[in-house]
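Spelled out, the chains give:
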Amino acid sequence: ITISNASVTFQSTAAGFTASGNSGTINLPGLALVGSGNKAGMLISGGGTINVNAGAANPSINLSGGTAATSRAIDGTTAAFTGTLNLTNVTITGNANADIVTLGGGTLGGTGSTISGAQRALVLSGVALTNGAGMTSIASTGGANGISLTNVTGGPYTISGGSLAP
């Protein structure tokens, strides 16, 4: 399935995009999510492949208005995501209340994306990194734990810029 150039503004009723029980491929070119309140930008679980990449514009997930620990930009841990998530040229912005991108399994790929915010930017557990994938920048004021990797395999996965600050 392909959903092109979708723009969703949401608050505390539901996540901006939800995928669960997927066994195929979901393409989201040009996706733009803007959220405030207590819901995730993308709430993903189960398998399949999700590709977030350029459409009419580069994709963005902005949760700077998030108000709770559940307001993650990408939440793949509430129920484990076991598929493949490819983030290509995505601008991801978090908030002061929640980790920004979390995955509890599966594979992470893609290139050219950025993550920024005041909490832990990238939290991966049991994830395989695609060989040659990476991000342009990760900037977090979540301190030394701005990037958290537990039982992560694969790669190399390159993060070419950014900063981690307390």
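Above this text is the structure in question.
In this report, the structure presented in the accompanying data block is examined. Not measured: the values here are computed from a predicted model. (Residues numbered from 1 in each chain as written. Predicted model: local features only at pLDDT ≥ 70, side-chain atom pairs only at ≥ 80, totals over all residues. Heavy atoms only, no water.)

It is worth spelling out the pairing of strand β9 (residues 84-87) at this point. Note: strand β6 (residues 49-52) against β9, four bridges, orientation parallel. Across the sheet, the residue bridging to Asn51 is Asn86, located in β9. As judged from the three bridges shared by β9 and strand β12 (residues 107-109), these two strands associate in the parallel manner. Directly across from Leu85, in β12, lies its bridge partner Leu108. (Pairing = 2+ DSSP bridges. Helix = DSSP H or I, 4+ residues; strand = E, 2+ residues; numbered from the N terminus.)

A few words on unusual backbone geometry. A cis amide bond links Gly155 to the next residue, Pro156, at an omega of 10°. Checked against the element boundaries, Pro156 lands in the loop between β18 (153-154) and β19 (158-159). Notably, Asn5 is not glycine yet its phi reads approximately 55°, a positive angle. Of note, Asn5 is situated in the segment before β1 (7-10). Judged by its relative accessible area of 39%, Asn5 falls in the partly exposed class. Backbone geometry at Asn89 places phi at a positive 60°, although glycine is not the residue there. Along the chain, Asn89 falls in the loop between β9 and β10 (91-93). The class of Asn89 is partly exposed, set by a relative accessible area of 31%. (Buried < 20%, exposed > 50% of the residue type's maximum accessible area, 1.4 Å probe, protein only.)

Our focus in this paragraph is the side chain of Asp99. Structurally, Asp99 is set in the loop between β10 and β11 (101-103). For Asp99, the side chain forms a polar contact with the side chain of Arg120, separated by 2.7 Å. Each residue touching Asp99, except ones within four places of it in the same chain, is listed here: Arg72, Ala73, Gln119, Arg120 and Val123. (Polar contact = N/O pair within 3.5 Å; in protein donor to acceptor, adjacent residues only side chain to side chain. Contact = heavy atoms within 4.5 Å.)

Another aspect to go through is the sheet that holds β9. If you trace the six strands from one edge of the open sheet to the other, you get β3-β6-β9-β12-β15-β18, paired in parallel fashion. Of all the strands in the sheet, just β3 (25-27) and β18 have a single pairing partner and so form its edges. Here β3 pairs with β6 via three bridges, running parallel. Among the inter-strand pairings, Ile26 is bridged to a residue of β6, identified as Ile50.

The next point concerns the side chain of Asn95. Inspection of the secondary structure assignment puts Asn95 in the loop between β10 and β11. Relative accessible area serves as the criterion here: at 4%, Asn95 is assigned to the buried category. A polar atom in the side chain of Asn95 sits 2.9 Å from the backbone oxygen of Leu63. With near-sequence residues (within four places) excluded, Asn95 lies in contact with Leu63, Ser64, Gly66, Ser71, Ala118 and Gln119.

Evaluated as defined, the whole model comprises two salt bridges. Where Arg72 meets Asp75, a salt bridge forms, and the shortest distance between an N and an O atom there is 3.1 Å. Here the two residues Arg72 and Asp75 agree in accessibility, since each one is buried. One salt bridge in this structure joins Arg120 and Asp99, with 2.7 Å as the shortest N-O distance. Residue Arg120 is located in the loop between β13 (113-117) and β14 (122-125), and its partner Asp99 is located in the loop between β10 and β11; the two are separated by 21 residues in the primary sequence. The partly exposed category is assigned to Arg120, whose relative accessible area is 27%. Take Asp99: its relative accessible area is 15%, and that puts it in the buried class. (Salt bridge = Lys/Arg side-chain N within 4 Å of Asp/Glu carboxyl O.)

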